[in-house]
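Per-entry structural report
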Amino acid sequence: MSQRTLVLLKPDAVRRGLVGEILGRIEKKAGWTISALELRQLEREVLEQHYAEHVGKPFYEPLVEFMASGPAVALVVEGERVIEGVRALAGPTDPIAAAPGSIRGDFGTIVRENLIHASDSAESAEREIKIFFPGLA
Ligand code: GDP
Ligand code: MG
């Protein structure tokens, strides 16, 4: 089942020089393809759309500020079961609870600064791809 997913390497990943490491893990999965990739400063407006489901939660405002605190890398990955697959590579939201071997488990300690976003369903993926890559069919 070929799918596509929207991935963000958060500003902490860029600041810490972990972009190559994280992209490498995604690239090495058999049959997956990176079909769009951009380093960009995320505008507040874009982040408000992206994180609309979290409006009103206590972590929302600091999350948006953090995500706008420096450049991030946005990408679209396509391939077999890639939505579930990138979530598995990332590990759970809390990096301390994330197993070693996962991206968050290997490199993170702070819940907010957990290095990577990955779409959680086919519906989220299509919605998020439109936000970050409106020109992509
Ligand atoms: P994800 O799908 O695993 O990225 O997690 P969520 O969609 O639940 O939350 C979005 C992002 O908000 C997470 O990746 C974290 O950066 C941040 N976040 C989520 N829950 C918390 C929390 O309880 N505290 C803090 N500080 N940040 C959180
Ligand atoms: Mg989420």
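Quick caveat: nothing in here was measured; it's all calculated off a predicted structure. (Residues numbered from 1 in each chain as written. Chains lettered and ligands numbered in written order. Predicted model: local features only at pLDDT ≥ 70, side-chain atom pairs only at ≥ 80, totals over all residues. Heavy atoms only, no water.)

1. Focus: the overall build of the protein
Looking only at helices and strands, one finds seven helices and four strands in the protein. Relative to the globule expectation of 14 Å for 137 residues, the C-alpha radius of gyration of the protein, 14 Å, shows essentially globular dimensions. A principal-axis box enclosing the C-alpha atoms of the protein has dimensions of 40 × 35 × 25 Å. The buried share of the protein, reckoned over its 137 residues, is 47%. Look at the contacts in the protein between residues 6 or more apart in sequence, and 75% of them connect residues 24 or more apart. If you sum the accessible surface of the protein, you get close to 6,900 Å²; carbon and sulfur atoms cover 55% of it. (Helix = DSSP H or I, 4+ residues; strand = E, 2+ residues; numbered from the N terminus. Rg over C-alpha atoms; globule rule 2.2 N^0.38 Å. Buried < 20%, exposed > 50% of the residue type's maximum accessible area, 1.4 Å probe, protein only. Contact = heavy atoms within 4.5 Å. Areas by Shrake-Rupley, 256 points an atom, 1.4 Å probe, with all protein chains shown as cover.)

2. Let's talk about the UniProt feature "domain: Nucleoside diphosphate kinase-like" (unreviewed entry) in the protein
According to UniProt, the "domain: Nucleoside diphosphate kinase-like" (unreviewed entry) feature falls on residues 2-136. As annotated, residues 2-136 has a helix share of 40% and a strand share of 22%, and its two end C-alpha atoms lie 17 Å apart. (UniProt positions renumbered as here; feature names shortened; annotations may be inferred.)

3. What about the site of ligand 1?
Neighbouring ligand 1 are the residues K10, Y51, H54, F59, L63, R87, T93, R104, V111, R112 and N114. In the environment of ligand 1, an oxygen atom lies 3.5 Å from a nitrogen or oxygen atom belonging to the backbone of V111. N114 is positioned such that a nitrogen or oxygen atom in its side chain is 2.9 Å from an oxygen atom of ligand 1. Coverage of ligand 1 by the protein chains reaches 75% of its 540 Å² of free accessible surface. The class makeup of the residues in the shell around ligand 1 is four nonpolar, three polar and four charged. (Near = heavy atom within 4 Å. Polar contact = N/O pair within 3.5 Å; in protein donor to acceptor, adjacent residues only side chain to side chain. Nonpolar A, V, L, I, M, F, W, Y, C, P; charged D, E, K, R; others polar.)

4. Description of helix α4 (residues 60-67)
Every buried residue of α4 is accounted for by Y60, L63, V64, F66 and M67. The arc that holds the buried residues of α4, viewed along the axis, is 160°, so those residues lie on one side. Residues of α4 that are buried sit in contact with β1 (2-9), α1 (11-15) and α3 (44-50). (Arc of directions from axis to C-beta.)

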